[in-house]
Amino acid sequence: MEIYILFGTFVFLLLIGTPVAFCLGVSSLATALYMGMPPLIVFQRLNSGVSVFALMAIPFFIYAGVLMVRGDIARRLVALAGSWVGSFRGGLGQVNIVASVLFGGVSGSAAADASAIGGLMIPQMKDKGYDVDYAVNVTVVSSIIALMLPPSHNLIIYSISGGGRISIADLFTAGIIPGLILALSLMIAAWFVAKRRDYPTDPFPGFRIMGSLFVSAVPGLILIAIIFGGVRSGVFTASESSCVAVVYALLVTVLAYRSLSWAAFVEATFAAVRTTAMVLLVIGCAAAFGWLLAFLRVPASLVAFLQGVSENPLIILLMINIVLLILGTFMDMSPLIVITTPIFLPVAMAFGVDPVHFGIIMILNLGIGLCTPPVGAVLFVGCAVGQIPVWQVVRTIWPFYLAAIATLLLVTYVPALSLWLPQLFR
């Protein structure tokens, strides 16, 4: 009955439009009261959920990403990507994907990627004769590449949701190859669609222009090396790396590029505070929810149930992927990570799956959910930028969905793609 109250209250509140954080908190409180526990326990668990030092990295990485969005970094990275792949079939679509790889290594946020890169690329693609649905499709699905690359704050949330025992440095490293594979698969899909619709290509600009664009983008690209190299080498922790990222982002945008005005700085600060407050409230309420899941032995019961279905890890991973894909269409990514990690991570580990590998599977899976209706936050951002109805985009986005799901299956069943690079660096 306690489990029915916990999940029933949560689903009911979610269906009537209650914010996710309150769904988690109220369902936890209702379950605790039914079990005769003091309500103070729920608030203690909420407080302990946000009183984790590693969480300090999240607000600063969010802040650094917002500063980069406001500080002209995206435009320079798009220009650099254009010099590399603009001459391919469907040139601007390919530029969009490569720019997402570069900007994702700076922002670590799919929503920031979709708004920044989309704001630059979608108008250009419309002016060059590309269909709006194609421009939005490429922008939306390629933005999830940012979730796989450092400094993805979703990887940090997964590490903390897993009990804080999963190395953030390993997760940052593990996402690189899957992220590049996802970019390659999306470029292939974009090429096929561009060929079928006979989209134009841009002329090759020449190595001299390519070199000058690279030099212009170097200050922004150095941030990627600072974040990844510093954390991976042990020079500083992820939390310290996030602070360094903010200071460096300010130096680049104010001194090097001189593109961040005082008004833009204030706007970026308030935007980062709002985003951080929402993320931390969800994490705190989900911590209380997750503690009740563990107290009621939900993960152990799920392991026993799945062992009764199959002993084959391949089947178990397929089932988990299907469940996560379905959940990702109805809930946002951060709360889903906090809710589902305590449930599915013990299951995966019971079947011999490495927690770092499972983290990359989960992040990529839930990232696809950001691009699907009815609650795809990144899909809505792309449609708003492109000024096109969601239904019109969804009708033609399926080639990119197929590319992302094919990458998900490849990453799921070839663990070396996620684990080889962390082992090499370690």
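Residues numbered from 1 in each chain as written. Predicted model: local features only at pLDDT ≥ 70, side-chain atom pairs only at ≥ 80, totals over all residues. Heavy atoms only, no water.

### With respect to unusual backbone geometry
- The omega torsion across Pro-150 and Pro-151 is 10 degrees, close enough to zero to call that bond cis.
- Here Pro-151 is to be found in the loop between helix H8 (132-142) and helix H9 (153-161).
- A positive phi angle, near 50 degrees, is found at Arg-258, a position not held by glycine.
- With respect to the helices and strands, Arg-258 occurs in the loop between helix H13 (238-256) and helix H14 (262-295).
- Judged by relative accessible area, which is 72%, Arg-258 ranks as exposed.
- Even without glycine at this site, Gln-387 takes up a positive phi of about 55 degrees.
- Checked against the element boundaries, Gln-387 lands in the loop between helix H19 (377-386) and helix H20 (390-394).
- With a relative accessible area of 69%, Gln-387 lands in the exposed category. (Helix = DSSP H or I, 4+ residues; strand = E, 2+ residues; numbered from the N terminus. Buried < 20%, exposed > 50% of the residue type's maximum accessible area, 1.4 Å probe, protein only.)

### Quick look at the nonpolar core
- Leu-24, Tyr-134, Phe-358 and Phe-400 are the most contacted members of the largest nonpolar core, which totals 142 residues.
- Beyond its immediate chain neighbours, meaning those up to four positions away, Phe-400 contacts Tyr-134, Asn-137, Val-138, Val-141, Leu-186, Ala-189, Ala-190 and Val-193. (Core = buried A, V, L, I, M, F, W, Y, C linked by side-chain atoms within 4.5 Å. Contact = heavy atoms within 4.5 Å.)

### Considering helix H7 (residues 110-127)
- Taking 1.5 Å of rise per residue, the 18 residues of H7 would be expected to cover 26 Å, and the 25 Å separating its terminal C-alpha atoms lies within 8% of that figure.
- At Gly-118, H7 shows its strongest bend, of approximately 45 degrees.
- Among all positions of H7, only Ala-110, Ala-112, Asp-113, Ala-114, Ala-116, Ile-117, Gly-118, Met-121, Ile-122 and Met-125 are buried.
- The inward-facing, buried residues of H7 abut helix H4 (57-70), helix H5 (73-85), helix H6 (91-107), H8 and H19.
- Backbone geometry just downstream of H7 places Gly-129 in the positive-phi region, at approximately 100 degrees. (Expected span 1.5 Å × (residues − 1). Bend = angle between axes of the 7 residues up to and from the residue.)

### Thoughts on the pattern of salt bridges
- If you walk through the whole model with that rule in mind, you get two salt bridges.
- Here Arg-197 ties to Asp-131 by a salt bridge, and the two come within 3.2 Å at their closest N and O atoms. Within this pair, whereas Arg-197 is found in helix H11 (residues 176-197), its partner Asp-131 is found in the loop between H7 and H8, the two being separated by 66 residues in sequence.
- Overall, the relative accessible area of 35% leaves Asp-131 in the partly exposed class.
- On the basis of relative accessible area, Arg-197 is assigned to the partly exposed category, the value being 24%.
- Connected through shared salt-bridge partners, Asp-131, Asp-133 and Arg-197 make up one network. (Salt bridge = Lys/Arg side-chain N within 4 Å of Asp/Glu carboxyl O.)

### Observations concerning the packing of H6 against H7
- At a minimum axis distance of 10 Å, the contact between H6 and H7 shows a crossing angle of 155 degrees. Put simply, H6 runs roughly antiparallel to H7. Where H6 crosses over H7, the two elements pack in a sense that is right-handed. Packed against H6, whose contacting residues are Leu-92, Gly-93, Val-95, Asn-96, Ala-99, Ser-100, Phe-103, Gly-104 and Ser-107, the element H7 presents Ala-112, Asp-113, Ala-116, Ile-117, Met-121, Gln-124 and Met-125 at the interface.
- Here the contact of H6 with H7 is composed, by residue class, of nine nonpolar, six polar and one charged. (Axes fitted to C-alpha atoms, helices over the stretch in contact; angles between N-to-C directions. Parallel < 35°, antiparallel > 145°, perpendicular 65-115°, else oblique. Left-handed = near helix turned anticlockwise from the far one by under 90°. Nonpolar A, V, L, I, M, F, W, Y, C, P; charged D, E, K, R; others polar.)

### Let's talk about the UniProt feature "transmembrane region" (unreviewed entry) in the chain
- As annotated in UniProt, the feature "transmembrane region" (unreviewed entry) corresponds to residues 49-69, 134-150, 171-194, 206-231, 243-265, 271-293, 314-331 and 400-421 in the numbering used here.
- As a span, residues 271-293 carries 100% helix and 0% strand, and end to end its C-alpha atoms are 33 Å apart.
- Secondary structure content for residues 400-421 is 91% helix and 0% strand, while the C-alpha to C-alpha distance between its ends is 26 Å. (UniProt positions renumbered as here; feature names shortened; annotations may be inferred.)

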